[in-house]
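Listed below are the residues making up each chain.
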Amino acid sequence: MSTVSIRYMIDDVPAALKFYTTHLGFAVDMDARPAFASVSRDGVRLLLSGKTSSGRRPMPDGREPVPGGWNRIHIQVEDLAAEVERLRGVGLKFRNDIITGPGGSQIVFDDPSGNPVELFQPTEKR
């Protein structure tokens, strides 16, 4: 069992499953399409909750969990520029360009349901 699980609300579980396994190196842990799937990578388990999953049931006040927003999974990479080029080459669209801060460089793109994913390359320690 992984130590961290993140739940994403997904519009299309088969599309999300293909996206995370094909483009981001996740492995399938559970495939209960079309309602739900879970994938994992490096100790992180991503729960992909489709419209008919228990994770998408309305709250008591009527609000419904939906995809999107700005909370996101954060995937560390060794060569951010190369990863961006690879993913642009297969048609992924990014929310921004690479930005750099004191801890490293990052960029954000969306999964097929509009959930953000961040790629991050840490600053080399000197």
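The paragraphs below set out a description of the structure included in this document. (Residues numbered from 1 in each chain as written. Predicted model: local features only at pLDDT ≥ 70, side-chain atom pairs only at ≥ 80, totals over all residues. Heavy atoms only, no water.)

## Some thoughts on the sheet that holds strand β1 (residues 4-9)
Strand order in the open sheet made by the four strands is β1-β4-β3-β2, with mixed pairing throughout. In the strand order of this sheet, the two ends are held by β1 and β2 (27-32), each with one partner. Averaged over all pairs of adjacent strands, the angle between strand axes in this sheet comes to 15°, irrespective of strand direction. Two strands pair when backbone bridges link them, and strand β3 (residues 36-41) and strand β4 (residues 44-49) are joined in this way by six bridges, in the antiparallel orientation. Its bridge partner being in β4, Ser-40 is matched across the sheet by Arg-45. (Pairing = 2+ DSSP bridges. Helix = DSSP H or I, 4+ residues; strand = E, 2+ residues; numbered from the N terminus. Axes fitted to C-alpha atoms, helices over the stretch in contact; angles between N-to-C directions.)

## Remarks on the environment of Ile-99
Summarising the element assignment, Ile-99 is placed in strand β6 (residues 99-101). Excluding its chain neighbours within four sequence positions, the residues that come into contact with Ile-99 are Gly-104, Ser-105 and Gln-106. (Contact = heavy atoms within 4.5 Å.)

## Topic: helix α1 (residues 13-23)
In an α-helix, one full turn covers 3.6 residues, which means residues spaced three or four apart are oriented alike. By the burial criterion, the buried members of α1 are Val-13, Ala-16, Leu-17, Phe-19, Tyr-20 and His-23. If you check the start of α1, you find a side-chain oxygen 3.0 Å away from the backbone N of Ala-15, and it comes from Asp-12. In the stretch just after α1, Gly-25 is the one whose phi turns positive, near 75°. (Buried < 20%, exposed > 50% of the residue type's maximum accessible area, 1.4 Å probe, protein only. Polar contact = N/O pair within 3.5 Å; in protein donor to acceptor, adjacent residues only side chain to side chain.)

## Thoughts on the pairing of strand β7 (residues 104-110)
Counting buried positions over the seven residues of β7 gives five, a clear majority of the element. Pairing analysis gives three bridges linking β6 to β7, with the strands arranged antiparallel. For Gly-101, the partnering residue across the bridge sits in β7 and is Gly-104. Here β6 folds back onto β7, and the loop between the two strands holds two residues. Pairing analysis gives seven bridges linking β7 to strand β8 (residues 116-122), with the strands arranged antiparallel. Across the sheet, the residue bridging to Phe-109 is Val-117, located in β8.

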